[in-house]
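Structural overview
The lines below spell out each chain.
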Amino acid sequence: YLLEKSRIVSQTESERNYHIFYEMMAGLPERQRKQLALTTPEDYYYLNQGNVVTVGVKDDVEDFNRLTRSMEVLNFKPLEQESVFRVLAAVCHMGNIAFSPETRGGLEAALVQTKHPLSVAAGLLGINLDALAENLCNKAQTTRGERIITPLDVEQALDTRDALSKALYANIFSWLVTRINSSVNKASKILSIGILDIFGFEDFEVNSFEQLCINLANENLQFYFNQHIFKLEQETYDKEGISWKKIDFSDNQPCLDLIVKRPIGLLHILDDESNFPRATDESFRLKIISQHKSHKYFLVPKTKASRFGVQHYAGAVWYEVEGFLEKN
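Quick summary incoming for the structure in this document. These numbers come from a predicted model, not from an experiment.

**Here we look at the overall build of the protein chain**
When helices and strands are counted, the protein chain shows 14 helices and seven strands. In the protein chain, which comprises 328 residues, the share counted as buried stands at 39%. Once local pairs closer than 6 in sequence are excluded, the contacts in the protein chain between residues at least 24 apart make up 60%.

**Considering helix α11 (residues 253-260)**
Of all the residues in α11, the buried ones are Cys255, Leu256, Leu258 and Ile259. The buried residues of α11 occupy one face: seen down the axis, they fall within an arc of 155 degrees. Next to the buried residues of α11 lie α10 (209-239), α12 (266-274), α13 (281-292), β5 (298-299) and β6 (307-312).

**Brief notes about the packing of aromatic side chains**
A full pass over the atoms with the stated rule returns 13 aromatic pairs. Aromatic side chains Phe76 and Trp175 sit 6.0 Å apart centroid to centroid with 85 degrees between the ring planes, which places their arrangement in the edge-to-face category. Note that Phe76 is positioned in the loop between α5 (60-73) and α6 (78-94) and Trp175 in helix α9 (residues 154-183), a separation of 99 residues in sequence. Residue class for Phe76 comes out buried when judged on its relative accessible area of 6%. Between Phe298 and Phe308 the ring centres are 6.0 Å apart and the planes differ by 10 degrees, which places this aromatic pair in the stacked class. In this pair, Phe298 sits in strand β5 while Phe308 sits in strand β6, placing the two residues 10 residues apart along the sequence.

**Describing the environment of Glu23**
Here Glu23 is to be found in helix α2 (residues 19-27). You can call Glu23 buried: its relative accessible area is 9%. For the pair Glu23 and Ala316, spaced 293 residues apart in sequence, the C-alpha separation works out to 36 Å. Setting aside anything within four residues of it in sequence, one finds Glu23 in contact with Leu28, Lys58, Asp60, Asp63 and Phe64. Only 2.6 Å separates the side chain of Glu23 from the side chain of Lys58, close enough to count as a polar contact.

**Section: the environment of Glu30**
Residue position: Glu30 is located in helix α3 (residues 30-35). Residue Glu30 is classed as partly exposed on the basis of its relative accessible area, which comes to 42%. A polar contact is formed between the side chain of Glu30 and the side chain of Arg33, at a distance of 2.4 Å.

Rules behind the numbers
Residues numbered from 1 in each chain as written. Predicted model: local features only at pLDDT ≥ 70, side-chain atom pairs only at ≥ 80, totals over all residues. Heavy atoms only, no water. Helix = DSSP H or I, 4+ residues; strand = E, 2+ residues; numbered from the N terminus. Buried < 20%, exposed > 50% of the residue type's maximum accessible area, 1.4 Å probe, protein only. Contact = heavy atoms within 4.5 Å. Arc of directions from axis to C-beta. Phe/Tyr/Trp six-rings, centres within 6.5 Å; stacked < 30°, edge-to-face > 60°. Polar contact = N/O pair within 3.5 Å; in protein donor to acceptor, adjacent residues only side chain to side chain.

Put into structure tokens, the structure is as follows:
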């Protein structure tokens, strides 16, 4: 599976986060909601960004009841179910952790501003409150056996908070897949059809590193589709002497090469810049423009805007470089 992690921390207008968050708040008994310190979706940053918390044709309470019944059928123990909901609730509270700037050692540093969601999230995850705050506001590196602590600014702390939230959701998702598979009888022979449901191609008002990664996944899937449905299938028709009309298709290999081919693909240049102490998002942008300005699928802005473009198979997308090095 390909989990769309970006949805966990941000949604566009008229979009919801994953349904389970809204189902959980609508369907959990009052006593359990209080134990998880949950209120309504409107109160959580990770759930209200799209300004849509209900879907007209969807009954969140009934769908939550179906979910819990499915867990029981698959022999999920009550403690396992409770643990899943604790992690999901912790993700909701993590999104409400805000930071304020301060000066520490001559550097701009982030300080946790909202203590309540931090305390609730730490309690639900069973971790130390101060340790969570410390790791959200600082970056630790070990060089030659020495551990160096560097304060993060507010933007970096927000990115760290979001990265931790995405990791929590991704890990509970992976655990659920493993847990469900362990309950299914794998010995019996089952006839099945596989269905590939891929990410939607993303092109927002502001596109960043996450959109480049998602669109790269789409490019790879499109390439696979081209190879197996068009190229290889048509070669088989030719070999078998079948009379048919040749179908022309657009080969997106050059676009993939632009992004991932060593050593000058966009992501490899980004890796190099990320390891260079004095590199910045702007130095990355200037390097890829210098390297690829004549590439058919690379788009150079007409102004000095801090962005670059890629002509994907589904259309042109402009990416803002701010935060690329940090997110990488």
